[in-house]
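Overview (structure and organization)
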Amino acid sequence: MAMVKMSPDVFSCSDDQGNMDIEIDLPGVEKESIEFKMVEDGFFIRAKREETGVEYVGTYAFCCPVIPEKAVAKYSNGKLIVTAPYREAPDTVDVKID
């Protein structure tokens, strides 16, 4: 069976402690089949769901650099949750919306 490549659903946001939180939906994937690599400005994910022939794969960029060596990842119930501290606290500017 040929693998069908799909982009996983990804959600990311900043928390109140200066971290980037990332949630990646990988339904039906076994933890052992997940490949996750992170650099300071983004990450790569690949996860195979052999019984259905689906491969989730994608490369994503961050808005602000993180410290990948301090990232923590947990996988449970088809969701990979990763937390990585920002290298520096990002400066934000309020943008007026008309």
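In case you missed it, the structure is sitting above this.
Worth saying up front: this structure is predicted, and the values here are computed from it rather than measured. (Residues numbered from 1 in each chain as written. Predicted model: local features only at pLDDT ≥ 70, side-chain atom pairs only at ≥ 80, totals over all residues. Heavy atoms only, no water.)

So, on to unusual backbone geometry. Positive phi, normally seen in glycine, also occurs at N77, with a value near 50 degrees. Counting through the fold element by element, N77 comes out in the loop between β7 (72-76) and β8 (79-85). (Helix = DSSP H or I, 4+ residues; strand = E, 2+ residues; numbered from the N terminus.)

With that settled, the discussion passes to the sheet that holds strand β4 (residues 34-39). Pairing within the open sheet is mixed, and its 4 strands lie in the order β1-β6-β5-β4. Edge positions in the sheet fall to β1 (4-6) and β4, since each of these pairs with one other strand and no more. Shown here is a sheet whose adjacent strand axes are inclined to one another by a mean of 15 degrees, direction ignored. As defined by bridge partners, β4 adjoins strand β5 (residues 42-49) across 6 bridges and the pair is classed as antiparallel. What sits directly across from M38, in β5, is F43. (Pairing = 2+ DSSP bridges. Axes fitted to C-alpha atoms, helices over the stretch in contact; angles between N-to-C directions.)

All right, on to the sheet that holds strand β3 (residues 19-25) then. One open sheet holds the 4 strands; their spatial order is β2-β3-β8-β7, and the pairing between them is antiparallel. Edge positions in the open sheet fall to β2 (9-14) and β7, since each of these has one partner strand only. Each strand of the sheet is rotated relative to its neighbour by a mean of 15 degrees, with strand direction disregarded. Bridging between β7 and β8 involves 5 bridges; their strand directions are antiparallel. If you follow A73 over to β8, its bridge partner there is V82.

Right, let's talk about the pairing of β3 for a bit. Two strands pair when backbone bridges link them, and β2 and β3 are joined in this way by 6 bridges, in the antiparallel orientation. Within β3, the position partnered with D9 by the bridge is D25. Where β2 folds back onto β3 in an antiparallel hairpin, the turn is made up of 4 residues, including G18, whose phi is positive at roughly 85 degrees. When β3 meets β8, the two strands line up antiparallel, connected through 7 bridges. Across the sheet, residue E23 finds its bridge partner in β8, namely I81.

Another point: the environment of A71. Within the secondary structure layout, A71 lies in the loop between β6 (54-61) and β7. Of the residues examined, A71 reaches a relative accessible area of 28% and is grouped as partly exposed. Note: C-alpha distance between A71 and Y86 (15 residues apart in sequence) is 9.9 Å. (Buried < 20%, exposed > 50% of the residue type's maximum accessible area, 1.4 Å probe, protein only.)

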